[in-house]
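# Observations on chain architecture
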Amino acid sequence: MEAPKVELCTPLQQLKDEHVSLRADMNLFYEISEEIESDSGPTVVLLFSKLYNQVSAFTKKLKAHSKREDEGLFPMMARCLGENDRTIENMEFEHEKAEQHLQDFLTEAVRAGATLSEHDAQAITVYAVQAHATLTQHFAKEEKVLFPLAEQILSADEKKELQQQFQMQ
């Protein structure tokens, strides 16, 4: 049986809506990653260039989204949940893990530079695949657990404050 659908306030709905766009971008770079893993020859290096551009653009969008959660939603929820609750700590850890995978991908790609081989491209692509897996699970957790929980525990004033913070970013 599916949990009843919770009506989210504007800032929480905004975060959830951002997942739709981020997920579409992630799926695009995941498809390219799969092609890189299954292809061979010069095509791999060409695909890798395309993947690098996708991951770079995605990382910028993700950072903006994560900032709204890390600086707005998470501290607010942590105060409500209390110091013994690990929910927010786990969410922050997942952010760091996903961002580290993306950063590793970008760093290794730059390090390989023009000398990038087919093997390098395939090895470095693993970081993009790991970021995709981490974020897919993370977004699902936020949508099924975190956002509905926030809707319940945040006061009307906190939700209003959150909305004002998002408008200033």
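Keep in mind it's a predicted model, so treat the numbers as computed, not measured. (Residues numbered from 1 in each chain as written. Predicted model: local features only at pLDDT ≥ 70, side-chain atom pairs only at ≥ 80, totals over all residues. Heavy atoms only, no water.)

### Details of the nonpolar core
Counting residues in each nonpolar core, the largest one holds 25 residues, and the members touching the most others are Phe29, Phe48, Leu51, Val55, Phe58 and Phe105. Looking at this core, the elements with two or more residues in it are α1 (10-38), α2 (42-81), α3 (87-112) and α4 (118-153). Ignoring any residue separated from it by four or fewer positions in sequence, one finds leucine 51 in contact with Phe29, Ile32, Ser33, Ile36, Phe105, Thr125 and Ala128. Grouped together as the second largest cluster of nonpolar side chains are 16 residues, Leu8, Met77, Ala150 and Leu154 included. (Core = buried A, V, L, I, M, F, W, Y, C linked by side-chain atoms within 4.5 Å. Buried < 20%, exposed > 50% of the residue type's maximum accessible area, 1.4 Å probe, protein only. Helix = DSSP H or I, 4+ residues; strand = E, 2+ residues; numbered from the N terminus. Contact = heavy atoms within 4.5 Å.)

### A look at the environment of leucine 162
Within the fold, leucine 162 resides in helix α5 (residues 156-168). Assessed through its relative accessible area of 0%, leucine 162 is described here as buried. On a C-alpha basis, the gap between leucine 162 and histidine 95 in space is 19 Å, while along the polypeptide they are 67 residues apart. In contact with leucine 162, not counting residues within four places along its chain, are Pro11, Leu12, Gly72, Leu73, Met76 and Leu154.

### Considering a negative patch on the surface
Residues Glu31, Glu34, Glu35 and Glu37 make up a contiguous surface patch of negative charge. Turning to its location among the elements, glutamate 35 is positioned in helix α1. In this structure glutamate 35 comes out as partly exposed when scored by relative accessible area, which is 36%. (Patch = residues over 30% accessible without salt bridge, like charges linked within 9 Å, V, L, I, M, F, W, Y side chains within 5 Å. Areas by Shrake-Rupley, 256 points an atom, 1.4 Å probe, with all protein chains shown as cover. Salt bridge = Lys/Arg side-chain N within 4 Å of Asp/Glu carboxyl O. Lys, Arg positive; Asp, Glu negative; His and termini not counted. Charge placed at Lys NZ, Arg CZ, Asp CG, Glu CD.)

Nothing here speaks to function; it is geometry throughout.
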